[in-house]
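# A look at the structure
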Amino acid sequence: MNCLLISASALRRAMTNSALQPEHTSLAVVRAAAVLCTNCELAQLGRTQVVFGSGRSDADVLIIGEGPGAQEDAAGEPFVGRSGQLLTRLLEGAGMSRNDVYIANVVKCRPPNNRDPRPHEIAACSPWLDRQLQIVNPKLIVTLGNFATRSMLGTKLGITKIRGVEFGFHRAGVVATLVPTLHPAAVLRNGHRAFEQSQGDFELVSRRMQELHT
Ligand code: SF4
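Residues numbered from 1 in each chain as written. Predicted model: local features only at pLDDT ≥ 70, side-chain atom pairs only at ≥ 80, totals over all residues.

## So, the packing of helix α2 (residues 27-34) against helix α5 (residues 119-136)
Applicable threshold: Fitting a line to C-alpha atoms yields each axis, with helices limited to the stretch in contact; the angle taken between N-to-C directions then spans 0 to 180 degrees. Secondary structure elements follow DSSP: runs of H or I of four or more residues count as helices, runs of E of two or more count as strands, with numbering from the N terminus. Throughout, the term roughly parallel applies to angles under 35 degrees, roughly antiparallel to angles over 145, roughly perpendicular to angles from 65 to 115, and oblique to all others. C-beta atoms are placed from the backbone for every residue, and two residues are taken to be in contact when these atoms lie within 7 Å. Gly is put with the polar residues, along with every residue not named as nonpolar or charged; the nonpolar set is Ala, Val, Leu, Ile, Met, Phe, Trp, Tyr, Cys and Pro, and the charged set is Asp, Glu, Lys and Arg.
Put simply, α2 and α5 touch, their axes get as near as 10 Å, and they point 170° apart. Judged by the inter-axis angle, α2 sits roughly antiparallel to α5. Residues Leu27, Val30 and Ala34 of α2 touch α5, and the partners they reach there are Trp128, Arg131 and Ile135. Considering only residue class, the contact of α2 with α5 consists of 5 nonpolar, no polar and 1 charged.

Right, here's the structure in full:
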């Protein structure tokens with residue numbers, strides 16, 4: 001575990017749900033507060049640790065999944081294991097790497113038996129995601145799978161209907177383009193066609209990222 005020297009006042013600010021200006025904090029400060037979080041029952045339902053997020057703090061692209069699984073809970077990092085390896089492959093196939101992006105989940109603690117996070121758990125965890133959004137301030141957001149997409153867009157539409165579509169996104173003062181795509185675990189289950197669709201979605205994101213810099 002990383003040891004961080006963080007003042008008590010900075011820690012208190014990061015843990016407070018009231019408005020916190022991004023310039024007043026950093027991901028390291030917010031992470032240090034988040035790893036102590038007990039704001040919902042997922043803290044008591046068997047988590048090994050809080051899986052905060054990983055990647056570049058100034059990434060153009062923020063990738064958002066549902067929540068940690070068993071391997072992520074053990075490693076303390078999002079998207080490890082087979083789904084994580086596929087995510088890395090999809091990024092690299094589109095000319096990006098994990099070092100180019102920031103990866104987070106809607107909830108930071110593993111739900112028991114990999115059940116879906118519940119609405120009050122998502123609400124309790126949303127200030128952490130808001131802070132990640134504010135600090136990273138991405139131009140592009142990729143949601144992985146139905147759950148993250150529905151949570152971030154507030155839609156009931158299924159992922160197969162809206163994957164690869166560009167949506168305007170505005171939350172916590174962040175304005176970005178959001179592209180939903182399939183969850184890597186679903187791609188692993190559904191074979192080549194799903195892989196091609198997901199690869200196409202990441203290529204779209206990569207093109208948009210390149211356009212930001214031309
Ligand atoms: S899921 Fe989020 S709100 Fe709930 S205990 Fe974990 S970090 Fe805190």
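## What to know about the packing of helix α4 (residues 81-93) against helix α9 (residues 192-212)
Heads up, the condition is: Whether a crossing is left-handed or right-handed is set by the direction in which the near helix is turned from the far one by less than a right angle, anticlockwise for left-handed and clockwise for right-handed.
Look at α4 against α9: their axes get within 8 Å of each other, and the N-to-C directions meet at 55°. Considering their axes alone, α4 and α9 lie oblique with respect to each other. Like other packed secondary-structure pairs, α4 and α9 cross with a definite hand, here right-handed. Each of Leu90, Leu91 and Gly93 in α4 lies in contact with α9, whose residues at this interface are Ser198, Gln199 and Phe202. Grouping the amino acids of the contact of α4 with α9 by side-chain chemistry returns 3 nonpolar, 3 polar and no charged.

## Observations concerning unusual backbone geometry
To keep it simple, the criterion reads: Once C-beta atoms are placed from the backbone, each residue is buried if 20 or more other C-beta atoms lie within 10 Å of its own, exposed if 12 or fewer, and partly exposed for counts between those two.
Of note, Phe79 is a non-glycine position whose phi angle comes to about 55°, a positive value. When you line up the elements, Phe79 lands in the loop between α3 (70-75) and α4. Its identity as a non-glycine residue notwithstanding, Ala172 has a phi of 55°, on the positive side. Position of Ala172 relative to the elements: it lies in the loop between β5 (167-171) and β6 (174-181). Owing to 15 C-beta atoms within 10 Å, Ala172 belongs among the partly exposed residues under this scheme.

## Focus: the site of the ligand
Convention followed: Being near a molecule or strand means, for a residue, that its C-beta atom, positioned from the backbone, comes within 6 Å of it.
Taken together, 15 residues form the shell around the ligand, and within it Cys37, Cys40, Ala43, Cys109 and Cys125 come nearest. If one sorts the elements of the shell around the ligand by residue count, α5 sits on top with 4 residues. Residues of the shell around the ligand, tallied by class, amount to 11 nonpolar, 2 polar and 2 charged.

## Things to note about the nonpolar core
Defined as follows: Core membership is restricted to buried Ala, Val, Leu, Ile, Met, Phe, Trp, Tyr and Cys residues, and these are joined into a nonpolar core through C-beta atoms within 7 Å.
Of all hydrophobic cores here, the largest spans 47 residues; its most connected members are Val61, Leu62, Ile63, Ile64, Val101, Leu140 and Val142. Per-element accounting of this core gives the leading share, 7 residues, to α5. Leaving out residues up to four positions away in the same chain, Val142 has contacts with Val61, Ile63, Val179, Thr181 and Val205.

## Overview of the pairing of β5
For clarity, the threshold we go by: Here a strand pair is declared whenever DSSP counts at least two bridges between the two strands.
Relative to β6, β5 runs antiparallel, the two sharing 5 bridges. Across the sheet, residue Phe167 finds its bridge partner in β6, namely Leu178.

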